[in-house]
Amino acid sequence: MQGTFTQLRRLLLASIAGVLGAALLTYVVDPLQLFRPSRLAAFYSDDTRVQNAGLIRSQSFDTAFMGTSLAIHFRQSAIDRALGVHSLKLAMTGSNSRQQGFVLEQAIDHGARRVIWAMDDFIFVDAADIETDPYLSVDLYRGTAKGFASYLFSAAMAKESLFALLRSVPPLRGPLTRAAPYLPIKFALSDVDDIYALARDFDVAGGYNARRTLAAFTYITAPTRSRFLGEGYGYDAMVSHFERDAVGLITRHPDATFDIYFPPYSILQFVAMRDASPATLKLVTDLTAHIARRLTQLPNVRLYDFRAIKAVTHDLNNYGDVIHHSPVIDAMVLQWLANGEYRVDPKAPTASLDELKTQVEAYRVER
C-alpha cells in the first residue's frame, strides 16, 4: 500500500512539474508577445481573434485598420505606403460590431490615434455579449490574471512555444520555417504583413471574375436560400448596436480620428435583395441612411461611401462573389482614402445612397 501511495505522489508531482514546465516555456517564448517583443524569431497566426491581442501589445502603430473578411486581405505595408501611417491590421473574418468595437478600444488605449474602419451593415446583427463571447477572450486582451492563466496553461500555446523554440535553433530554422505552413501549428507566418493576406503570386483573375460573381448571385437568390439574405436582420436592434458599438466608441475617444467607409460591394449584392428579399433591401438602405446621418455629424469622423462607384461595382470581374472584391480594388480603396475621394458631404449625407438606389432599380442581370 505504501508503495502505491509513493507512486501516486511521484505521478502527481511529475504532472505538476510538467504543467509548470509547459507554462514556463510559454512565458519564456511568449508566442503571442503578450509580455514582451519576441527575443526569438517571431511568428504570427491567421487566428486573428487571438493574434490581435498580442499584436496590440507588441507592435508599434498609430493607426488601426478594422473590418470583416472584406478587409482581411489588405497588407499593412500597402496601408502605410498609401496613407503615410504606421498601421496595425486588426480585421477579423465574420466579426460583428461588438467584437470590432472592443478590439478597436484596446488599440486606441495602446496608441492608435487614427482608425480606418470598413463598416459593413451586417456587422450590426445580434451577437453574443462581449464578456461571454466564445470566440474572443476579453481577458486575454485586457491582460487580466484569468487571461494570462488561460494563455500560460494552454496546451496549444505550449505546443506553439515548443515549435517556436525549435525554429530558433540555427540548423533547424530554415527547414522548420519552410515547413511551418504544413505543420499542425497556428503560428506559421514569419512576417506580420502576411497575416491573412493573399499570397503574392495569387491568381487574381482566377479568384475574381464575373463567372464566380454570377454563380454566387444565382446561389444566394435561389428560392431555397434567399431567406438567408436577411437572416438576423432587424432594424431597431441593428440601430441600437450601431449606437452602442460605433457611436459609443467614437464619442468616448474625441481625440482619435475615424475614417469610416462603406465597402464597394458589387451591384449584385443589392440586386439580390431587390429580387429575392426586398424587405431586407429596404432595411439595409434605411440602416445605412441612419448611419450616414449620424456619423457625418460627429466631428472626429470622415465618412466615405464607395457603393455607388459604377465603374467598379458594375464590373463583375472585380469580385469573387457578390461582395468580396479583388486586391486591385483594395489598392483603389486606399487611394480613394488617401485622396479624400467619395467622402460623404454632411450637408447631403444620403446623396450617394440615393444614387445607389437608382442604380439598383435600373440594373438588369445579364446571364
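Residues numbered from 1 in each chain as written. Predicted model: local features only at pLDDT ≥ 70, side-chain atom pairs only at ≥ 80, totals over all residues. Heavy atoms only, no water.

(A) Local environment of the sheet that holds strand β2 (residues 63–66). Spatially, 5 strands are ordered β3-β2-β4-β6-β7 in an open sheet, and the strand pairing comes out parallel. Either end of the sheet is taken by a strand with one partner, and the two such strands are β3 (87–89) and β7 (301–305). Each strand of the sheet is rotated relative to its neighbour by a mean of 15 degrees, with strand direction disregarded. The sheet contact formed by β2 and β3 spans 3 bridges and is parallel. Counterpart to Ala64 in the pairing with β3 is Leu88. (Pairing = 2+ DSSP bridges. Helix = DSSP H or I, 4+ residues; strand = E, 2+ residues; numbered from the N terminus. Axes fitted to C-alpha atoms, helices over the stretch in contact; angles between N-to-C directions.)

(B) Structural context of helix α13 (residues 278–295). An ideal rise of 1.5 Å per residue puts 26 Å on 18 residues; α13 measures up with 26 Å between its terminal C-alpha atoms. For α13, every residue scored as buried is listed here: Thr280, Leu281, Leu283, Val284, Thr285, Leu287, Thr288, Ala289, His290, Ile291, Ala292 and Leu295. Structurally, α13 contributes buried residues whose contacts are with α11 (235–252), β6 (257–262), α12 (267–276), β7 and α16 (351–362). (Expected span 1.5 Å × (residues − 1). Buried < 20%, exposed > 50% of the residue type's maximum accessible area, 1.4 Å probe, protein only. Contact = heavy atoms within 4.5 Å.)

(C) How the structure looks around the pairing of strand β4 (residues 114–118). Burial runs high along β4: 5 of the 5 residues are buried. Here β4 shows two buried faces, one formed by Arg114, Ile116 and Ala118 and the other by Val115 and Trp117. The sheet contact formed by β2 and β4 spans 4 bridges and is parallel. Within β4, the position partnered with Thr63 by the bridge is Arg114. The sheet contact formed by β4 and β6 spans 5 bridges and is parallel.

(D) Structural detail: the side chain of Arg49. Counting through the fold element by element, Arg49 comes out in helix α2 (residues 48–58). For the buried Arg49, no salt bridge exists, and the shortest N-O distance to an oppositely charged side chain is 6.1 Å, to Asp133. Of note is the side chain of Arg49, whose polar atom sits 3.3 Å from the side chain of Gln99. Every residue in contact with Arg49, bar those within four places of it in the chain, is listed here: Met92, Thr93, Gly94, Ser95, Gln99, Tyr135, Leu136 and Tyr141. (Lys, Arg positive; Asp, Glu negative; His and termini not counted. Salt bridge = Lys/Arg side-chain N within 4 Å of Asp/Glu carboxyl O. Polar contact = N/O pair within 3.5 Å; in protein donor to acceptor, adjacent residues only side chain to side chain.)

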